[in-house]
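# Understanding the architecture of this molecule
Below, each chain spelled out in residue letters.
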Amino acid sequence: MRLFGIAVAALAVVALGFAAWLVLIPGPMAFASGRAVALSDYKGPDPTGVPKELAEADLIKRGEYLAHAADCIACHTVPGGEAYTGGFAFNLPGIGTIYSTNITPDKDTGIGNYTDQQFLDAMHKGIRRDGELLYPAMSYTTYSYMTDADALAIKAYLFTLPAVHATAAENKLAWPFNQRGLMAVWNVFYNADQRFRPNPSQSAEWNRGAYLVEAMGHCGECHTPRNLAYAIDNRRKFAGALTAGWSAYNITGDAKAGLGSWTDASLSTYLSTGHADGHGGSAGPMGEATDNSLTFLTPGDIHALVVYLRSIPPQDSDLPRTVDTPAPDSYRQGVPADVNARGEVVFASACASCHDWTGVSPTSKYATLTGVRAVNDPTATNVAQTIINGVNRKTAEGIIFMPAFGEGYSDDDIAAVSNYVTARFGAEGAHLTVKDIASLRKQAAQQPNTQEAPNG
Amino acid sequence: MLHLTVNGENRVVGDDVDPATPLLWVLRDHLGLVGAKYGCGVAQCGACTVHVDGKPVRSCQLPVGTIGSRVITTIEAIGNTPNGVKIQQAWMEAAVPQCGYCQAGQIMSATALLNRTPNPDDSDIDAAMAGNICRCGTYVRIRRAIKNAAAKSA
Amino acid sequence: MANAQFAQSDAYLSELISEVSTMPDAPLSMGRRTFFKLAGAGAAGLVLGFHVGDQAFAAAATQNGNLQTINAFIRIAPDNTITIYSKCPEIGQGIKTSFGVIIADELDADWNHVAMEQADINPKVYGSQGAGGSTSIPRAWNQLRQAGAGAKAMLIAAAAKTWNVNPAEITAKDSVLTHAASGKTATYGSLAAAAAKMPVPDPTSLTLKTRAEYRLIGKRYRGVDDAKLVTGQPLFGIDVQLPNMVHANFTKCPAVGGKVKSFNADEIKALPGVLDAFVVEGTGVPVEVMPGVAIIAKDTWSAFQAKNKLKVAWDESEASKDSTSQFSASAKKLAASFPAKPDDNVGDVDKAFAQAAQMVEAYYEYPFAAHATLEPMNTTAHWHDGVMELWVPTQQPDRGMTQVSKMLGLKDDKVVVHQTRVGGAFGRRGTNDYMLEAAAIAQKVKGPVKLTWTREDDFSHDFYRPSGYHQFKGAVDKDGRLDAWQEHFITFTANGKRPVAGGGHTDTLNVSTIAPNLRRASTMMPLMIPTGSWRAPGDNAQVFAVQSFTHELSAAAGRDHVQFLLDAVNRNVPELAPKSKSVNFSPARASAVIKLCAEKAGWGKTLPKGSGLGLAWCYSHAGHVAQAVELSVDANKRIKVHRIVVAIDVGPVIDMAGAEAQAQGASTDALSTAIGLQLNIENGRIRQQNYNDYPILRMPMAPMAIDVFFIQSDNPPTGLGEPAFPAMAPALGNAIFAATGDRVRSLPLRNLDYSLAV
Ligand code: FES
Ligand code: FES
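Conventions we followed
- Residues numbered from 1 in each chain as written.
- Chains lettered and ligands numbered in written order.
- Predicted model: local features only at pLDDT ≥ 70, side-chain atom pairs only at ≥ 80, totals over all residues.
- Heavy atoms only, no water.
- Helix = DSSP H or I, 4+ residues; strand = E, 2+ residues; numbered from the N terminus.
- Rg over C-alpha atoms; globule rule 2.2 N^0.38 Å.
- Buried < 20%, exposed > 50% of the residue type's maximum accessible area, 1.4 Å probe, protein only.
- Contact = heavy atoms within 4.5 Å.
- Areas by Shrake-Rupley, 256 points an atom, 1.4 Å probe, with all protein chains shown as cover.
- Lys, Arg positive; Asp, Glu negative; His and termini not counted.
- Charge placed at Lys NZ, Arg CZ, Asp CG, Glu CD.
- 1 Å grid on protein atoms, 1.4 Å probe; cavity = no way out; pocket = protein on both sides within 12 Å on 5 of 7 lines; lining within 4 Å.
- Points joined across faces, edges and corners; volume = space filled by probe spheres on them.
- Core = buried A, V, L, I, M, F, W, Y, C linked by side-chain atoms within 4.5 Å.
- Pairing = 2+ DSSP bridges.
- Buried area = accessible area lost by both parts, 1.4 Å probe.
- Salt bridge = Lys/Arg side-chain N within 4 Å of Asp/Glu carboxyl O.
- Polar contact = N/O pair within 3.5 Å; in protein donor to acceptor, adjacent residues only side chain to side chain.
- Nonpolar A, V, L, I, M, F, W, Y, C, P; charged D, E, K, R; others polar.
- Axes fitted to C-alpha atoms, helices over the stretch in contact; angles between N-to-C directions.
- Parallel < 35°, antiparallel > 145°, perpendicular 65-115°, else oblique.
- Left-handed = near helix turned anticlockwise from the far one by under 90°.
- Phe/Tyr/Trp six-rings, centres within 6.5 Å; stacked < 30°, edge-to-face > 60°.
- Lys NZ or Arg CZ within 6 Å of the ring centre and 35° of its normal.

When you go through chain B residue by residue, the secondary structure sums to six helices and five strands. Taken from N to C terminus, the helices and strands of chain B fall in the order β-β-α-β-β-β-α-α-α-α-α. For 154 residues, the compact-globule formula gives about 15 Å, and the C-alpha radius of gyration of chain B, at 15 Å, lands near that figure. Dimensions along the principal axes, computed over C-alpha positions, put chain B at roughly 45 × 30 × 25 Å. A burial count over chain B gives 65% of its 154 residues as buried. Sequence-distant contacts, at least 24 apart, represent 57% of the contacts inside chain B between residues at least 6 apart. Working note: accessible area of chain B is about 4500 Å², and carbon and sulfur atoms make up 52% of it. On chain B, the mean spot of the 14 positive side-chain charges and the mean spot of the 12 negative ones are 9 Å from each other.

Structure (structure tokens):
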């Protein structure tokens, strides 16, 4: 009897402990030494707002810069669709699909009727104009760190956009996730609803970087794993996660799997251009984040990002160190053909022309595979996604293009060539199956983008 | 002002040409060398293949500004190389071309193959030629012509 | 409104297809007329304008190094080199070589000193100059031989006159005339001038060679342009370069039928290298000029780059909303109910079904397909001195000339067309839309302009092979013979009346599917996406359905398939006998190719488990062809093709190397298409945009060998660009059935998870 009581008590404690562990998640900047203070009490240069280059700019210009920094367009636009009109699909395995909404100033279908307060409530509390609660697909838990001034500057900019009539697609969610009301409970635990608090014991760049990363760029939304309650788990901050069918890699200081081996210079170039020699180019969601957001940041802000990222405590993950030596230039060496003859034939047919048997492209640095993290990811998730969806980035250097092979090539072929590419140019060959490819296709599915490919 | 070494000559490309222009279009529209063909513009057909420092390269993908001092050889001059002329001969003896549009690219890829693999077997041929589409389906004869040319070299 | 226009263009294409698909009795007389005209014209010095004593000659002579023109096909120089003009477009079918061989043989010319050139486009002189429907050879056969024989006769006459001997005693060989008795000899070159003044013989008076007398016909030749091709010399339309030429591309609505509302003109015109950008309203007819935006630039790349920045607001109120997924769904439903009014009805099908020993029902389908010729559509046009001068890679230059003059309201002689070599056609270039676009654009441009389509334009604005859906019901009698055949064909219509181009039951199938009780009907779904002639129009896909289902019947009957086919082919059903004299279908020739193919493929031999041999045949474009495929299939549905055998009767073969190439190319093309090619259409837009979406067979997957056998008969020769395509897919499907018991009823095989083994 007594034993039983103890057992129950013990269980209770464990249960509570688990619950507590589940809900009491450290804040995004909790890792840093020193105590954060209210912005008003902070003596250093203001880490919020726009960089000094834009200090004199009008509200709209500042709002535009901040909208870029917060990368609103990424989620509020479908590939090839009209900017800010919504419709982007978040496919959440086991939960359903959530579609982003139209944030042009259209009065019926957009945010045309939002007052400043209503806009702030959406940004900080995840509350819609009609009082309904948003799903955290909208990263208001991040934006809650944004100052009112910055949020309203963004609103001012959005209201200068052409109003487009575009009704958001109906979310397809399984019960109980279709009960928006439940978000109230979730918010209690997972949305601090607290503005950014600078940390005086850190440098000014660090604080600016922190604001850009945590209040604006919401890197954690993709790069930090989520817990059972789908909340960002800062215990594993930036350790990498699978989001919308793409791997967002470890961006902690870890030398093997993270950014530890990157120089500040290559990190800045990568962030500002989406490419760094020896690390290859970004594709998929990171490619978009680069072209829609990061390229617009001033060198000063990019530097701040680097400073802040450098301070993230290393988190190990099971990714191998990337191989930075080219593969042999004969197809006969490298991967023995019998290992994956099909992969070799597909590579020879559709890939070798640009990527070469060595992995070092004779035509474009963006096509070099050597040293690319994705190629050194034994799950080959991003390799497969890139093959399926291609690359179509509009950058300062012109259009960076790789054809999409999802339409013309079978899951069998795509699995074979993904496995071959990781084996030939990466640390370790993947073992994707036809099933895996089918599921990757689903997770990243968006409206078909039938835009013509460029001829370059 | 860009300087290119094309088929052993120093060719000047005027400032009116954007350095991002793919070599293919500089050859065809500015240097009057139309042997390299446009088929897809996305490195999927091989019709635009030229040699850059001896390697087969898809000229539709190579920004002219990035070539620097690398040496370019096109179909117009590949016949001045031992394997180039052997391949051209073999192509005519086997009557390979149908419409002929892909053949300049096929010949550039085949010559590059012989340059590094004097006696290619079928898998060598597959690996080297897979990037060149022939819409007319001349593959059987291409394979035979490559083998005949190799036999001559031996 | 829009639909009316589409019907209009579809009428054009249907007419073109039936015209080029019918056989060559008519062209014989045409050949004769033409020859008179040309000869008369020749004497008057009009043809190429340099005849002895002709005023025009003095000038021409200096330019032309004293070349003598015997007739519009042949030019002989004093050094005894002979230039022969090929009147039809070279599109990869080898016509430029074959035409030369045919003329040179009758002329008894020395082939080693014959140069082939593309003739100018002048139907008044040459008659029809189109290439399509595999009809170039049959149409020109007599005309060309008469040209050669006529020229030889004029040379002999000249020799007889100078030597003053009996012409009958003069023999000709290798461009030399000999009078044995007097031991006199002279080269053609030395006699050309005199010969040009000789009267032109009446073609009917000429005795043409018999097969036994051929010296050149039937040997193996290398292509007459091969030396230029392998050294990258300019030959193709896209290679045309003219002084001060500018470059254009043309952007049309991705959904056919869309009109331009507006576009970002200022932004585009400001781009580097861009010279101009303007809207072309066009005629609104897909085979002519649809509305779009033309960008003129200093080079192709600048034009392409600007195109990527082009933002056009389209009015899509009348644009296509077609969707292939919807077509498949509707077709399946429609197929269920057989129409009350069949297209043809022979015997008593219902009675036959009632008494059937075996009955089989099956549903077949195949997708839309693109031509995807490797040379994208292009044309160079120069509007000067009231003349529209064009350099075009087309299959129908004479038609194009008329279309341009009609569109621009010019007299025929104000349109000059230069035929270039063609980088692949497959029927695509029977339509001259790109030629008309260039003409329309050139009128607004100073100096010559080259219009080059991007590959994406090419996929988006093709005249496609339509998809098709066939509900079959067949019966076998107690003797295991094909007894009844019912077919409900779900196809498309543009005008509500006729099926779209390439979407009708073909004549060839009508005469070659022989069942004593037969009933065929079709139901048409409306279609806006333009369709056209695609290598062996109709046959290229319908033969797959028909020959596969025939195999289902023989299998159900437990018959040997070859025997079953031979029975069916030799069945005498008068109602199904060819109506038109122009159809040369022959049960005997069909039987012969089927037997030869079976024999060469080792029909009846026992194969290891998982292997199979499949055979199918077709009568297409006047050719009789049987194809066999031997393959094995593994547990992962990976197909290894061990052997492909093709048996062909197209009459006497002109160029054996070229004929084999056509058979091998068509078989490879058919394999490629059957395994992996399809177009998906959504909201009127073509999903596939480039070769990454449209996986044409490549070297590693291509067959190692394709064995081709010819039955050379005394029948007049017919074309070979198309006949070796249709029977390949059903032979493949029948072989898969033989190997696995799995019946292939839809294409491409990729959708059934089949792939070629590496
Ligand atoms: S044009 Fe360069 S590969 Fe096709
Ligand atoms: S010969 Fe026509 S594409 Fe190769």
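All names here are of chain A. Reported here for the second largest pocket is a volume of approximately 1100 Å³. When contributions to the lining of the second largest pocket are tallied by element, the ones reaching two or more residues are helix H3 (72-75), strand E2 (96-99), helix H4 (116-125), helix H6 (148-158) and strand E3 (172-173). A per-element tally of the lining of the second largest pocket places H4 first, with three residues.

With that settled, consider the nonpolar core. Among the nonpolar cores identified, the biggest contains 182 residues, and Leu4(B), Trp91(B) and Ile594(C) are the most heavily contacted of them. Broken down by element, the residue count for this core peaks at eight residues, all from helix H20 (residues 656-676) of chain C. When sequence neighbours within four positions are dropped, the list of residues in contact with Ile594(C) reads Val562(C), Leu565(C), Leu566(C), Val569(C), Leu615(C), Trp617(C) and Ala626(C). Leu134(A), Ala215(A), Ala276(A) and Leu305(A) belong to the second-largest nonpolar core, a separate cluster that totals 68 residues.

Another point: the sheet that holds strand E1 (residues 89-92) of chain A. Residue and element names in this part refer to chain A. Judged by pairing direction, the sheet is antiparallel, and its three strands sit side by side in the order E1-E2-E3 without closing on themselves. With partners counted over all chains shown, the strands left at the sheet margins are E1 and E3, one partner each. As paired strands, E1 and E2 are joined by four bridges and run antiparallel to one another. In the strand pairing of E2, alanine 89 is matched with tyrosine 99.

Many structure descriptions define interface size as the accessible area lost when the parts assemble. Listed per partner, the contact involves 27 residues of chain C and 19 residues of chain A. In terms of surface lost to chain A, no three residues of chain C exceed Arg687(C), Asn692(C) and Val758(C), which account for 26% of the buried area on that side. On inspection of chain C and its partner chain A, the count reaches two salt bridges. Among the salt bridges present, the one from Asp412(A) reaches Arg638(C), with a minimum N-O distance of 2.7 Å. The tally of links from chain C across to chain A stands at ten residue pairs in polar contact (both at pLDDT 80 or more). In the side of chain C that touches chain A, the residues fall into eight nonpolar, eight polar and eleven charged.

Residue and element names in this part refer to chain C. Burial along strand E27 (residues 706-710) is one-sided: the face carrying Ile706, Val708 and Phe710 is buried and the face carrying Asp707 and Phe709 is not. Strand direction decides the pairing type here: strand E24 (residues 638-649) and E27, joined by five bridges, are parallel. By the bridge assignment, isoleucine 644 is partnered in E27 with isoleucine 706.

Moving on to the packing of helix H14 (residues 381-389) of chain A against helix H15 (residues 411-425) of chain A. All names here are of chain A. Close contact between H14 and H15 brings their axes to 9 Å; oriented N to C, the two are set at 130°. With respect to H15, the element H14 is oriented oblique. The way H14 lies across H15 gives a crossing that is right-handed. Where H14 approaches H15, its residues Val383, Ala384, Ile387 and Ile388 are matched on the opposing element by Ile414, Val417, Ser418, Val421 and Thr422. Class assignment for the residues of the contact of H14 with H15 results in seven nonpolar, two polar and no charged.

The linkage connecting Trp175(A) with the following residue, Pro176(A), adopts the cis geometry, with an omega of 5°. By secondary structure assignment, the location of Pro176(A) is in the loop between E3 and helix H7 (182-190). Omega for the bond connecting Leu747(C) with Pro748(C) falls within 30 degrees of zero, at 0°, which places this linkage in the cis form. Among the structural elements, Pro748(C) can be located in the loop between helix H21 (728-740) and strand E28 (755-756). The backbone of Asn164(C) sits at a positive phi, close to 40°, despite the residue not being glycine. As for its position among the elements, Asn164(C) is in the loop between helix H6 (136-163) and strand E5 (170-173). A positive phi is found at Ala622(C), a non-glycine position, where the angle reads about 75°.

The next thing to look at is the sheet that holds strand E18 (residues 449-452) of chain C. Residues and elements named next belong to chain C. Taking strand neighbours across the sheet as the criterion, the seven strands line up as E10-E11-E8-E18-E15-E16-E17 in an open arrangement whose pairing is mixed. Each edge of the open sheet carries a strand with a single partner, namely strand E10 (274-280) and strand E17 (415-419). The mean inter-strand angle of the sheet, taken between neighbouring strand axes irrespective of direction, is 20°. Relative to strand E11 (residues 292-297), E10 is paired through six bridges, and the arrangement is antiparallel. Within E11, the residue paired with phenylalanine 278 across the bridge is alanine 294. Along the sheet face, helix H10 (residues 300-309) touches strand E8 (246-252), E10, E11 and E18 and points at about 25° away from the line of E8. Along the sheet, helix H14 (residues 433-442) makes contact with E8, E10, E11, strand E15 (378-384), strand E16 (387-392), E17 and E18, crossing E15 at roughly 35°.

In this section: the environment of Gln143(C). Tracing the backbone shows Gln143(C) in helix H6. Here Lys87(C) takes part through its side chain, which lies 2.9 Å from a polar atom of the side chain of Gln143(C).

As a further point, take the interface of chain C and chain B. Across the contact, 61 residues belong to chain C and 49 residues belong to chain B. Taken together, both faces of the contact between chain C and chain B bury some 4700 Å²; the carbon and sulfur share is 60%. Interface area lost by chain C to chain B is led by Val230(C), Leu374(C) and Met699(C), which between them contribute 18%. At the junction of chain C and chain B, the tally comes to four salt bridges. Residue Asp669(C) is joined to Arg135(B) by a salt bridge in which the shortest nitrogen-to-oxygen separation is 3.0 Å. For the pair chain C and chain B, the number of links is 21 residue pairs in polar contact (both at pLDDT 80 or more). Elements supplying a minimum of two residues to the side of chain C that touches chain B: helix H8 (226-230), H10, helix H15 (455-460) and H20 of chain C.

So, about the pairing of strand E2 (residues 9-13) of chain B. All names here are of chain B. In this structure, strand E1 (residues 2-6) lies alongside E2, joined through five bridges in antiparallel fashion. Bridging from a neighbouring strand, valine 6 pairs with glutamate 9 of E2. Between the end of E1 and the start of E2, which pair antiparallel, lie two residues, with asparagine 7 showing a positive phi angle near 50°.

A separate point is the packing of aromatic side chains. Under the defined criterion, the tally for this structure stands at 34 aromatic pairs over all chains. On the basis of an interplanar angle of 80° and a centroid distance of 5.5 Å, the ring pair of Phe405(A) and Tyr409(A) is categorised as edge-to-face. In terms of burial, Phe405(A) and Tyr409(A) fall into one category: buried. Grouped by ring-pair contacts, the aromatic residues Tyr331(A), Phe347(A), Trp357(A), Tyr420(A) and Phe425(A) constitute a single cluster. Its end group placed over the ring of Phe338(C), Arg519(C) keeps NZ or CZ at 5.4 Å from the ring centre.

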